[in-house]
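For reference, the chains in residue letters:
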Amino acid sequence: MSFVVKMNGAQNNGIHNNGTNGNFMNGNGVHHVSVRTHVSVNPAKLKSSRPRWTVRPSEMSKKTLNPIRAIVDGMKLTPNPEKPMIALSIGDPTVFGNLPTDDTVLQAMREAIDSHKYNGYAPSVGYQKSREAVANFYSCPEAPLEGKDVILASGCSQAIELAISVLCNPGDNILVPCPGFSLYKTLAVSMGIQVKHYNLLPEKSWEIDLQHLESLIDDKTACLIVNNPSNPCGSVFSKEHLHKILSVASRNCIPILADEIYGDMVFPGCDFQSLAPLSIDVPILSCGGLAKRWLVPGWRMGWILIHDRNDIFGSGIREGLVKLSQRILGPCTVVQGALESILNDTTPEFYQSTITFLKSNSEICFSELSTVPGLNPVMPSGAMYIMVGIEMEHFPEFQNDVEFTERLVTEQSVFCLPATAFEYPNFFRIVVTVPEEMMIEACIRIREFCARHYRPRSQDSHELDQ
Ligand SMILES: Cc1ncc(COP(=O)(O)O)c(C=O)c1O
């Protein structure tokens with residue numbers, strides 16, 4: 001019979017055992033002891049109770065699904081060899097090199113490295129100085145913030161993960177936008193949290209269908225996720241609409257996770273309003289980061305801003321966030337070291353020129369595609385995306401948006417993400433960060449593709465009659 005005795009490192013050190021007396025120790029400090037026993041044991045049973053190799057993926061890993069990967073990996077993406085590929089699918093503004101970050105941002109990083117001060121571990125929630133820098137940057141009289149209200153995280157993704165993890169238990173449900181960023185569902189489902197999709201209304205610039213939203217709330221609803229400005233819609237909610245969302249949350253006592261990673265990335269004439277300053281009573285975890293506005297998604301710097309003026313979260317949620325952050329340390333310390341300067345020294349002209357570019361590309365794309373029969377683009381007001389509706393009845397060769405976008409690659413080498421990836425069939429999403437000439441060329445090819453496959457309805461029925 002074999003027992004396993006765990007030994008700590010100190011006991012382990014210096015003990016050499018060659019196993020001659022039936023005992024031996026492996027390199028991990030696990031001590032196997034063979035003993036004679038007086039109990040008679042059936043050798044067959046003994047054999048069957050021995051451990052076997054049964055290494056299987058965990059339930060959590062099996063429940064983890066990124067719909068974008070699942071859909072894209074299942075698509076036959078063979079571009080037309082005669083046309084260079086144009087990928088309008090990737091939400092990474094750095095891929096084409098046309099949108100570099102600000103020099104100040106790079107300089108701040110160089111200085112952080114050269115200081116040699118940021119090579120070690122930081123506290124799990126981030127350096128106090130860096131937390132204070134974020135607090136000062138976002139603090140306003142209506143929603144004041146201090147360093148203690150900021151949790152730094154590895155990108156906005158980890159901020160969202162921490163926020164969901166601290167607010168929800170398995171069996172609870174969360175309310176997420178449809179169409180919406182797929183990570184919310186990926187994370188929630190893997191944690192045993194149910195996802196309920198509330199509708200956004202394309203005809204109302206993707207405002208939330210508030211009645212539908214409220215109808216989904218039940219005793220198990222632990223959190224409402226609001227993404228503004230939106231991926232994939234590029235929509236920006238008005239102050240009035242945000243007030244109405246807050247009323248629903250307040251009436252039903254539901255905390256909000258506000259995903260504001262595209263905060264302030266709005267086109268001129270449109271006003272970005274952060275949710276927290278408008279809230280009187282609803283507690284809000286506002287998630288953001290450097291990825292989009294500062295154009296450095298690979299630097300993995302994100303944060304949670306804890307807004308809890310009525311002390312509804314209390315110390316429990318704060319302590320919960322600290323504990324969760326201790327599982328795996330958050331963002332890279334060099335970026336933390338550069339953060340204060342990144343936030344305070346980046347020039348307004350940098351932000352402005354990004355927005356000017358995104359608006360101009362969105363307008364090109366919108367005006368080109370809105371005259372293509374069978375397509376209905378919805379003009380965005382911010383972020384980096386434009387959603388385009390497909391009148392599927394006019395494209396009878398294709399069953400759905402996935403087939404439509406797949407063939408667009410085969411024939412025109414243009415790849416747009418089918419909005420089925422956002423739980424929103426019959427649309428596709430275009431990323432507007434690509435260089436202008438690529439955007440123009442992509443629109444020309446999309447037009448050509450649609451002209452080739454478009455069937456007017458009268459012709460359809462005429463053909464059917466024959
Ligand atoms: C709506 C939304 N939230 C969060 C994220 C994640 O941001 P990060 O790269 O900082 O993890 C993204 C990234 O595309 C996003 O679109």
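No experiment lies behind these values; they were computed from the predicted model shown.

Draft legend 1. Region of interest: the overall build of the protein. Tallying secondary structure elements over the protein gives 16 helices and 17 strands in all. Scored against the burial criterion, the 466 residues of the protein give a buried share of 50%. Across the protein, contacts joining residues at least 24 apart in sequence account for 72% of those joining residues at least 6 apart.

Draft legend 2. Representation of the sheet that holds strand β5 (residues 150–154) in the model. Pairing in this open sheet of eight strands is mixed, and the strands run β5-β12-β11-β10-β9-β6-β7-β8 from one edge to the other. In the strand order of this sheet, the two ends are held by β5 and β8 (207–208), each with one partner. Taken together, the six bridges between strand β6 (residues 173–178) and strand β7 (residues 194–201) define a ladder with parallel strand orientation. Bridge pairing links L175 to K196 in β7.

Draft legend 3. Spatial organisation of the sheet that holds strand β16 (residues 417–418). Across the sheet, which stays open at both edges, the four strands sit in the order β13-β14-β17-β16 with antiparallel pairing between neighbours. In this open sheet, the two edge strands, each paired with only one partner strand, are β13 (375–378) and β16.

Draft legend 4. Seen up close, the layout of surface pockets. Estimates place the volume of the largest pocket at around 730 Å³. Considering the residues around the largest pocket, the lining is formed by 32 residues, among which I68, G91, F181, N231 and K292 are closest to the centre. Mapped onto the lining of the largest pocket, the elements with two or more residues apiece are α4 (67–73), α7 (155–167) and α8 (183–190). With four residues, α7 is the single largest residue contributor to the lining of the largest pocket. The residue makeup of the lining of the largest pocket, split by class, is 17 nonpolar, nine polar and six charged. Built from parts of two domains, the lining of the largest pocket gets at least three residues from each of domain 2 (64–97 + 348–465) and domain 3 (103–345). Estimates place the volume of the second largest pocket at around 400 Å³. Together, 24 residues line the second largest pocket, and Y138, E260, D264, F272 and S274 are the ones closest to its centre. Element by element, the count of residues in the lining of the second largest pocket is highest for strand β11 (residues 284–289), at four residues. Considered class by class, the residues forming the lining of the second largest pocket number 13 nonpolar, eight polar and three charged.

Draft legend 5. Examining the site of the ligand more closely. If you check the shell around the ligand, you find 14 residues, and the closest are C156, S157, D259, Y262 and R300. Take S157: an N or O atom from its side chain is 2.5 Å from an oxygen atom of the ligand. Side-chain polar atom of N231 to an oxygen atom of the ligand: 2.8 Å apart, as the coordinates give it. Judged by the fraction of its atoms near the pocket grid, the ligand is located in the largest pocket. Here the residues of the shell around the ligand are counted per class, giving seven nonpolar, four polar and three charged.

Draft legend 6. Looking closely at the UniProt feature "modified residue: N6-(pyridoxal phosphate)lysine" (unreviewed entry) in the protein. In the numbering adopted here, UniProt assigns the feature "modified residue: N6-(pyridoxal phosphate)lysine" (unreviewed entry) to K292. Mapped onto the elements, K292 comes out in the loop between β11 and β12 (301–307). Taking the relative accessible area as the measure of exposure, K292 reaches 12% and is therefore buried. Once residues within four sequence positions are removed from consideration, K292 is found in contact with G91, I261, Y262, M265, M384 and Y385.

The rules behind each value
Residues numbered from 1 in each chain as written. Predicted model: local features only at pLDDT ≥ 70, side-chain atom pairs only at ≥ 80, totals over all residues. Heavy atoms only, no water. Helix = DSSP H or I, 4+ residues; strand = E, 2+ residues; numbered from the N terminus. Buried < 20%, exposed > 50% of the residue type's maximum accessible area, 1.4 Å probe, protein only. Contact = heavy atoms within 4.5 Å. Pairing = 2+ DSSP bridges. 1 Å grid on protein atoms, 1.4 Å probe; cavity = no way out; pocket = protein on both sides within 12 Å on 5 of 7 lines; lining within 4 Å. Points joined across faces, edges and corners; volume = space filled by probe spheres on them. Nonpolar A, V, L, I, M, F, W, Y, C, P; charged D, E, K, R; others polar. Domains from an automatic or database assignment. Near = heavy atom within 4 Å. Polar contact = N/O pair within 3.5 Å; in protein donor to acceptor, adjacent residues only side chain to side chain. Sits in = over half its atoms within 2 Å of the grid points. UniProt positions renumbered as here; feature names shortened; annotations may be inferred.

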